[in-house]
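Okay, here's what each chain looks like letter by letter:
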Amino acid sequence: MKFFGHAFKSAVENILRNKTINLLCFGIIGFTLLVLGLFQIISFNLNQYVSRLSRQISAIFYFQEKSTQSERQIILELVQQSLLVQKALFISENEAYTRFGREFPDLKYILSEFDQSPFPASIEVQFREHNQSMVQIESFLKDMKKYPSIESIQLNTDWAKRIENLKQLISSVGFFISITLLFISIFVIFNVIKLNILYRQDEIIIFQLVGATNFYIRLPFLLEGLLLGMLGGLLADIFLAFSLKLFSLYGGYLFDVLRGIINLRRIPMAIFRNLILVGSTIGFFSALFSLKRFISQSRRVQNP
Amino acid sequence: MIQFFHVSKQYVKNQFALNDISLSIEKGEFVFLSGASGAGKSTLMRLIYREETPTKGQILIDSMNINLIKDSQLFRLRRQIGIVFQDFKLLRDRTVYENIAIPLLVRGEKRAVIEKRITNTLNLVGLNHRKRYLTSHISGGEQQRVAIARAIVGNPKILLADEPTGNLDTELSIEILKIFEQINANGITVIIATHDLHLLSIFPKRLLKLDKGVLAADVQREQPQ
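Our focus in this paragraph is the overall build of chain B. Counting its secondary structure elements, chain B contains 7 helices and 10 strands. Pairs at least 24 apart in sequence give 68% of the contacts found in chain B among residues at least 6 apart. For chain B, the exposed area adds up to about 10000 Å²; of that, 50% sits on carbon and sulfur atoms.

Put into structure tokens, the structure is as follows:
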């Protein structure tokens, strides 16, 4: 515990001693994590949006005119048994006829020209809410379409597909940019720790010569990396909260347009927590790499 | 006991910093290492505290082959050895007390123990009145005493001093050497590297003379205690 106290004090002193460079490092980590956080929020909101849209996804299976009652019953049972489906409702020709008359009374006269219902029998399907991926739904519909008693399936999924594609694109771009920026952060912390190691080289040598353990010597630097990363994460959180506040206040028309997609009130705290965790992790490991590279206990000169 | 068995050290091909050195230093001995600059005195010292490893040969301290110690375990060896450098190697932004406390802090000693041992050590080197001074604010002779105090505060078995009087005048050098004698009287093995012939004449201790990396002479000028 005493070691930790000493190491923590030493880490804080290091940070305060090289204010300019540590401030720069701190800012870079903060900016990097802010970008990561923004992409996480966009991705989260698009996920939520797609999920909300998915709740409204429905399909209509139209039967062949010559299909038998038993064939229709089999299809209905198959549809009802699917885990993707929440509700399936069989609509006979006559029910479709009645519904048309009820929903479009002005066009009712058209129906009078037909002796019997001109509408095919169908099954109206409502998909379950948790189905966020269109791939599963499309695969299910493709399988169902193979049954000869089904004439066609109507599903308007273009919008959902586009949102899904957009989400994937944003996630990929976000991932690439975030990884690049994270590497920059690691590089920056690595070099800040390296500078501090070089700055304190005399002290490190003295500590080694009087019998300090590797852990005792390295712990302050590890804590320094950890603190820089953690504070960078905290800074990113503050930037992020501030950006979102500004966006909601001054986003104007753009915000109104995006209001349906981005819900700033429902941003999970996990995103904020994760930024601190990611910051701390990269801080710790960058410091570790730097220590492995720049601190050794003895000079083992190879045989010439 | 320190034993060297056919120890050689090369930094450059065909050029020996130390060449086939075999020697033995008993526990509690006071030994001078002498020789011109580049004779290999500092290299021999660095091999003892394992800052470097020999190109050939084995070094045993208390029957333990120090070449085999893992880097992660090196602190155990270093806690047995106190080292004094010509350039003192003190932290200039810290006080005398803080510098001397370092070996005890890294061992995790309690504050009361640290306080007591530092006071005793400062009394030994005559620096109690400078306890709270920054090391940058005291004289060269006093800085060397601080370095000695730091080297012995952890009760080492061996004390190595590499040209400890190199930056001091004769009078101060003699004072410092007397402190080493006192330390040696407490049973600590003392090895001092120096090229100061005048000091060697005043203190008739065992002399290991190095010449171009070779042990040229081993002269026992006084019976070991």
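This paragraph deals with helix 11 (residues 269-294) of chain A. Look at helix 11 of chain A: 38 Å from first C-alpha to last across 26 residues, which is about the 38 Å you get at 1.5 Å a residue. Regarding helix 11 of chain A, the residues found buried are A:I271, A:F272, A:L275, A:G279, A:S280, A:I282, A:G283, A:S286, A:A287, A:S290 and A:L291.

All right, on to the packing of aromatic side chains then. Applying the stated rule across the entire model yields 11 aromatic pairs over all chains. When the centroid spacing of 5.1 Å and the interplanar angle of 45° are considered together, the rings of A:F100 and A:F104 count as tilted. A:F100 sits in the buried class, given a relative accessible area of 18%. Residue classification places A:F104 among the partly exposed residues on the basis of a relative accessible area of 39%. For the ring pair A:F284 and A:F285, a centre distance of 5.4 Å and an interplane angle of 85° mean the geometry is edge-to-face. We classify A:F284 as partly exposed; its relative accessible area is 29%. One aromatic cluster is present, built from ring pairs that chain together A:F61, A:F127 and A:F140. Directly above the ring of B:Y133 sits B:R130, whose terminal nitrogen or CZ lies 4.8 Å from the centroid.

Here the focus is the sheet that holds strand 4 (residues 150-154) of chain A. Pairing between sheet strands relies on hydrogen bonds along the backbone, with the strands arranged either parallel or antiparallel. All names here are of chain A. Judged by pairing direction, the sheet is antiparallel, and its 4 strands sit side by side in the order 2-3-1-4 without closing on themselves. Both edges of this open sheet fall to strand 2 (85-91) and strand 4, since each of them pairs with a single strand only. In this sheet, neighbouring strand axes are inclined to one another by 20° on average, regardless of whether the strands run parallel or antiparallel. Pairing between strand 2 and strand 3 (residues 122-127): 6 bridges, direction antiparallel.

As a further point, take the environment of B:S63. Residues and elements named next belong to chain B. Here S63 lies in the loop between strand 4 (56-61) and strand 5 (64-65). A relative accessible area of 62% means that S63 is categorised as exposed. Once the C-alpha coordinates of S63 and I2 are considered, the two residues, 61 residues apart in sequence, prove to be 8.0 Å apart.

The tally for this structure, following the rule as stated, stands at 18 salt bridges over all chains. Taking the shortest distance from any N to any O, the salt bridge between B:K41 and B:E163 comes out at 3.7 Å. Placement of the pair is B:K41 in helix 1 (residues 41-48) and B:E163 in the loop between strand 7 (158-162) and helix 6 (170-185), with a sequence separation of 122 residues. Since its relative accessible area comes to 9%, B:E163 is described here as buried. Salt bridges here are not isolated pairs; linked through shared partners, they connect A:R200, A:E203 and B:R94.

Turning next to the interface of chain B and chain A. The accessible area lost on association of the parts is a frequent measure of interface size. The interface of chain B with chain A comprises 37 residues on the first partner and 20 residues on the second. For the pairing of chain B and chain A, the buried interface totals around 2500 Å² over both sides, and the portion due to carbon and sulfur atoms is 56%. The largest contributions to the chain B side of the interface with chain A come from B:D71, B:R78 and B:V106, which together make up 22% of the buried area. Residue B:R94 pairs with A:E203 through a salt bridge whose shortest N-O separation is 2.8 Å. One can count 3 residue pairs in polar contact (both at pLDDT 80 or more) joining chain B with chain A. For the side of chain B that touches chain A, the secondary structure elements donating two or more residues are strand 1 (2-12), helix 2 (74-78), strand 6 (81-84) and helix 3 (96-106) of chain B. Residues belonging to the side of chain B that touches chain A are distributed by class as follows: 15 nonpolar, 6 polar and 16 charged.

Here is what the cut-offs are and how they apply
- Residues numbered from 1 in each chain as written.
- Chains lettered and ligands numbered in written order.
- Predicted model: local features only at pLDDT ≥ 70, side-chain atom pairs only at ≥ 80, totals over all residues.
- Heavy atoms only, no water.
- Helix = DSSP H or I, 4+ residues; strand = E, 2+ residues; numbered from the N terminus.
- Contact = heavy atoms within 4.5 Å.
- Areas by Shrake-Rupley, 256 points an atom, 1.4 Å probe, with all protein chains shown as cover.
- Expected span 1.5 Å × (residues − 1).
- Buried < 20%, exposed > 50% of the residue type's maximum accessible area, 1.4 Å probe, protein only.
- Phe/Tyr/Trp six-rings, centres within 6.5 Å; stacked < 30°, edge-to-face > 60°.
- Lys NZ or Arg CZ within 6 Å of the ring centre and 35° of its normal.
- Pairing = 2+ DSSP bridges.
- Axes fitted to C-alpha atoms, helices over the stretch in contact; angles between N-to-C directions.
- Salt bridge = Lys/Arg side-chain N within 4 Å of Asp/Glu carboxyl O.
- Buried area = accessible area lost by both parts, 1.4 Å probe.
- Polar contact = N/O pair within 3.5 Å; in protein donor to acceptor, adjacent residues only side chain to side chain.
- Nonpolar A, V, L, I, M, F, W, Y, C, P; charged D, E, K, R; others polar.

That's the geometry; what it means functionally is another story.
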